[in-house]
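Survey of secondary and tertiary structure
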Amino acid sequence: MADGSPKLHVAILGCTGSIGRQALDVCRQHADKLDVVALSVNSSTDKLVSYAREFSVRAVAVADEAHVNDAVLAELPEGCLCSFGPEAVCDLAIRDDVDCVLVAIVGAAGLEPSHAALTAGKRLALANKESLVVGGDLLMPLAKPGQLIPVDSEHSAIYQCYLGENPQQAHCIWLTCSGGPFFGRSRSELESVSSSDALAHPTWSMGAKITIDSATLMNKGLERIEAKHLFGCDLGFIKVVIQRQSKIHSMVEFDDGSVMAHLGASDMRIPIQFAFSYPDRWETPAPRIDFTQLGSLTFDEPDFETFRCLKLAEIAGTAGGTLPCVLNAANEVAVEAFLNGSCSFTDIDRVVESCMDAHAVEPVQGFEQLSDIDAWARQQATRVLKGLRS
Ligand code: NAD
Ligand code: MG
């Protein structure tokens, strides 16, 4: 680093996604502080090779083994190790030359790499909220103080509001929510929305799955469960408030009535960089917020009835155990079906609810159990979708 301290050696898992690309941008802007050592993708080998060359990385992994023979892989930098399959992604997380692992994979596939990073004692910069939703009971006991830094903007905000405070003296967490593109709509209006309507998020530009989750408000439901694990509280402690401008990223209210809020530009590079720089703060990677141009900040109550996914996540998060795993897996299948045009927007919560109803909740015991339940919920969701079509 410019001040003489060594660079932080990072592995970016899911480097071609929305978070992954923004993380690479942070690495470009702070090349004196960050060294990209390893990269992974699901299948986009062209982009992987281009990033591997740009950052001269030492190792890459491709999760989808159907890409073993992609000709472009011959153009990886000399000496760069290339391996395939989900195990290979986990192997990057535990390399001796890696200090910090950013898990920017989408979906439950992020669980095992997150587990690997924590077990190997690496800093885990966690964007992948699904891994905490599904396996928070297993991951959190492994995380030492300061080892797991959330990247999700709300959770990064809450983490920062708690710095220097006594968590025992917190009264509640205010988890802010943009409301998504369908804020204020009725249930009957939601029946007929298209995937292109749902992909038009008002304040954030993100990957397709989280953008649909933000339109159904499942994203906020998943984030409540994520916060429950990260901050060790009950679901009822975490209140959702609609903040349409996405400028207040979340708040913590203390016993004496003081409220700490985290504000900033709606730019994911800020929380990504914080997870790398913690406990320091580096020069911002994004344009600064100009309060004189901000206008008003508005607050509204969330609608748990119209946005049924928010309610379903509350039920799953309150019950705990294996129910959030079912909620998440069924949601992943239903969102994929909606994006393919094979179900309606409101079918997403119908599928999730039907799978949750069919599941007998168990306490979380281990990764194999979660993987079996995840697989069952995916099959069940596929059956429910078929039933809806016939
Ligand atoms: P994305 O779809 O844009 O990118 C996903 C990345 O994961 C890609 O690089 C892809 O190659 C890789 N990937 C996909 N499936 C995989 C698999 N089975 N195994 C290994 N790698 C796989 O997603 P995103 O929007 O960048 O979101 C990533 C994660 O970050 C999600 O959990 C999301 O909820 C969370 N998050 C995203 C944002 C955002 O602004 N995009 C904000 C907060 C949290
Ligand atoms: Mg978020």
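Our subject is the structure that appears above.
This one's a predicted model, so the numbers in the text were calculated from it and none came from an experiment. (Residues numbered from 1 in each chain as written. Chains lettered and ligands numbered in written order. Predicted model: local features only at pLDDT ≥ 70, side-chain atom pairs only at ≥ 80, totals over all residues. Heavy atoms only, no water.)

Here we take up the site of ligand 1. Around ligand 1 lies a shell of 22 residues, among which Thr 16, Ile 19, Asn 42, Glu 130 and Gly 207 are the nearest. Residue Thr 16 places a side-chain N or O atom 2.8 Å away from an oxygen atom belonging to ligand 1. Protein contacts shield 86% of the accessible area of ligand 1, which totals 830 Å² for the unbound molecule. Breaking the shell around ligand 1 down by element, the ones donating at least two residues are helix H1 (18-29) and helix H5 (129-139). Broken down by class, the residue content of the shell around ligand 1 amounts to 12 nonpolar, seven polar and three charged. (Near = heavy atom within 4 Å. Polar contact = N/O pair within 3.5 Å; in protein donor to acceptor, adjacent residues only side chain to side chain. Areas by Shrake-Rupley, 256 points an atom, 1.4 Å probe, with all protein chains shown as cover. Helix = DSSP H or I, 4+ residues; strand = E, 2+ residues; numbered from the N terminus. Nonpolar A, V, L, I, M, F, W, Y, C, P; charged D, E, K, R; others polar.)

The next thing to look at is the packing of aromatic side chains. Considering all chains together, one arrives at six aromatic pairs under this definition. Considering the side-chain rings of Phe 182 and Phe 345, the 5.2 Å spacing of their centres and the 85° angle between planes classify their relative orientation as edge-to-face. A residue pair is termed long-range when its members are at least 10 positions apart, and Phe 182 in the loop between strand E8 (170-177) and helix H7 (187-191) and Phe 345 in the loop between helix H13 (323-339) and helix H14 (347-357) qualify at 163 residues. Phe 345 shares its class with Phe 182; the two are buried. Among the aromatic residues, those joined into a ring-pair cluster are Tyr 159, Phe 274 and Tyr 278. (Phe/Tyr/Trp six-rings, centres within 6.5 Å; stacked < 30°, edge-to-face > 60°. Buried < 20%, exposed > 50% of the residue type's maximum accessible area, 1.4 Å probe, protein only.)

In this section: the sheet that holds strand E3 (residues 59-62). In spatial order, the strands read E4-E3-E2-E1-E5-E6-E7; together these seven strands make up an open sheet with parallel pairing. Only two strands of the sheet have a single neighbouring strand rather than two, namely strand E4 (81-84) and strand E7 (148-150). Direction aside, the axes of adjacent strands within the sheet are offset by 20° on average. (Pairing = 2+ DSSP bridges. Axes fitted to C-alpha atoms, helices over the stretch in contact; angles between N-to-C directions.)

What follows covers the coordination of the magnesium ion (ligand 2). The coordination sphere of the magnesium ion (ligand 2) contains the protein donors Asp 152 (OD), Glu 154 (OE) and Glu 223 (OE), at a distance range of 2.1 to 2.2 Å. Summarised as a motif, the one-chain spacing of the donors to the magnesium ion (ligand 2) is D-x1-E-x68-E. You can see Asp 152 sitting in the loop between E7 and helix H6 (153-162) and its partner Glu 223 sitting in helix H10 (residues 218-231), a full 71 residues away along the chain. Look at Glu 223 and you get buried, because its relative accessible area is 1%. (Donors = N, O, S within 2.8 Å, 3.2 Å for Na, K, Ca; no water.)

Nonpolar side chains in soluble globular proteins tend to end up buried together. Core analysis: the biggest nonpolar cluster contains 128 residues, and Leu 39, Phe 276 and Leu 327 have the highest contact counts within it. Tallying contributions element by element places H13 first for this core, with 11 residues. Discounting chain neighbours no more than four positions away, the residues touching Leu 39 are Ile 12, Cys 15, Leu 24, Leu 48, Tyr 51, Ala 52, Val 57, Ala 59, Val 60, Ala 61 and Leu 92. (Core = buried A, V, L, I, M, F, W, Y, C linked by side-chain atoms within 4.5 Å. Contact = heavy atoms within 4.5 Å.)

Looking now at the pattern of salt bridges. All told, the structure shown has 23 salt bridges when counted by the stated rule. In this structure, Asp 25 and Arg 28 form a salt bridge, with 3.7 Å as the shortest nitrogen-oxygen distance. Taken together, the residues span about one helical turn, with Asp 25 and Arg 28 both in helix H1 at a distance of three residues. The partly exposed category is assigned to Arg 28, whose relative accessible area is 37%. (Salt bridge = Lys/Arg side-chain N within 4 Å of Asp/Glu carboxyl O.)

Right, let's talk about the side chain of Asp 97 for a bit. Examined against the element boundaries, Asp 97 turns out to sit in the loop between helix H3 (86-93) and strand E5 (100-103). Take Asp 97: its relative accessible area is 18%, and that puts it in the buried class. A distance of 3.0 Å separates polar atoms of two side chains, one belonging to Asp 97 and the other to Arg 58. In this structure the side chain of Asp 97 is engaged in a polar contact, spanning 2.8 Å, whose partner is the side chain of Arg 95.

Here we come to the packing of H6 against H10. If you want to describe how two helices pack, look at the angle between their axes and the distance between the axes. Running from N to C, H6 and H10 point in directions that differ by 30°, and their axes come no closer than 10 Å. Seen from above, H6 lies across H10 with right-handed handedness. Facing H6, whose interface residues are Glu 154, His 155, Ile 158, Tyr 159 and Tyr 162, H10 presents Lys 220, Glu 223, Glu 226, Ala 227, Leu 230 and Phe 231. When the residues that make up the contact of H6 with H10 are grouped by side-chain class, the tally is six nonpolar, one polar and four charged. (Left-handed = near helix turned anticlockwise from the far one by under 90°.)

Further remarks concern the pairing of E8. Of all eight residues that make up E8, six are buried, and the element is covered over most of its length. The pairing of E8 with strand E10 (residues 248-254) spans four bridges and is classified as antiparallel. For Cys 172, the partnering residue across the bridge sits in E10 and is Glu 253. Inspection of the sheet shows E8 paired to strand E9 (residues 238-242) by five bridges, in the parallel sense. Within E9, the residue paired with Cys 177 across the bridge is Ile 242.

All we've got here are geometric facts, nothing functional implied.
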